[in-house]
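So you can see what is in the structure, the chains are spelled out below.
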Amino acid sequence: MTDLEHYLQTYFDFDQTELVKVSSFFKPEILKKGDYYLKTGKLCNKLSFIKSGLLRVYVDLEDREVTQWICTQGYFVTDLSSLVFANPSRWNIQALTDTAVYTIEKQDYDRLGDYVPKWPVTEKLFIAHCFTTLEDRVFSFLSMTAEQRYNLLFESHRDIFTQVPLQYIASMLGMTPETISRIRRKQLN
């Protein structure tokens, strides 16, 4: 069983035949450090599962870059609005390390219901999971201090703190690099 099949099996309710069929649409792809998975303004026509590596989702503003998320091994990556609604992407998605992904193209994604009868329910659960993840992030920004957000991210994604530049983590948490350094110093004392 591939990493992708294992993840699909634990996350979605596929029987073995459906699992093999769905995973057959995903093709392995390698992104070298610095390569773009997607650039702002382009249409996103794919969904990928990260086998290994790190991808940064960010936007260039006039005066700064803002990191929306760091995608890690075992997660899916796409610009959902662009994939589903064909909107130009708001985000750049760039490899921070050499990254291996399994990718399904939009035309194949759109046909999954032809092969998996319960795909509409499965897709609904997948999108609901994406939405609740977003809700959790919004809640953390509205109800937590900077230090609490830092601690939550550190506990759930400890590995990125040794692999991702501090300014990207700070931006993702809605704080300056100086604030994140102050939090780290405080916790060391």
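That block above? That's the structure.
All of these numbers come straight from a predicted model, not from anything done at the bench.

Trainee: Teacher, can you tell me more about the packing of helix H1 (residues 3-11) against helix H2 (residues 16-24) here?
Mentor: At their nearest, the axes of H1 and H2 sit 10 Å apart, and the two run at 130 degrees to each other. When the interaxial angle is binned, H1 and H2 end up oblique. The interaxial crossing formed by H1 with H2 has right-handed handedness. Contacts between H1 and H2 involve Leu4, Glu5, Leu8 and Gln9 on the former and, on the latter, Leu19, Val20, Val22 and Ser23. Taken together, the residues that form the contact of H1 with H2 break down as five nonpolar, two polar and one charged.

Trainee: Could you clarify how one ought to interpret the side chain of Glu5 in this entry?
Mentor: Within the element layout of this structure, Glu5 appears in helix H1. The side chain of Glu5 is buried and forms no salt bridge, while Lys27, the nearest opposite charge, is found at 11 Å. Apart from the residues within four sequence positions on either side, Glu5 is in contact with Leu19, Val20 and Ser23.

Trainee: What is the right way to read the side chain of Thr67 from this model?
Mentor: Within the element layout of this structure, Thr67 appears in strand S5 (residues 65-71). A polar atom in the side chain of Thr67 sits 2.9 Å from the side chain of Arg56. Contacts of Thr67, omitting those with residues within four sequence positions, involve Arg56, Val57, Tyr58, Tyr168, Ser171 and Met172.

Rules of the game
- Residues numbered from 1 in each chain as written.
- Predicted model: local features only at pLDDT ≥ 70, side-chain atom pairs only at ≥ 80, totals over all residues.
- Heavy atoms only, no water.
- Axes fitted to C-alpha atoms, helices over the stretch in contact; angles between N-to-C directions.
- Helix = DSSP H or I, 4+ residues; strand = E, 2+ residues; numbered from the N terminus.
- Parallel < 35°, antiparallel > 145°, perpendicular 65-115°, else oblique.
- Left-handed = near helix turned anticlockwise from the far one by under 90°.
- Contact = heavy atoms within 4.5 Å.
- Nonpolar A, V, L, I, M, F, W, Y, C, P; charged D, E, K, R; others polar.
- Buried < 20%, exposed > 50% of the residue type's maximum accessible area, 1.4 Å probe, protein only.
- Lys, Arg positive; Asp, Glu negative; His and termini not counted.
- Salt bridge = Lys/Arg side-chain N within 4 Å of Asp/Glu carboxyl O.
- Polar contact = N/O pair within 3.5 Å; in protein donor to acceptor, adjacent residues only side chain to side chain.

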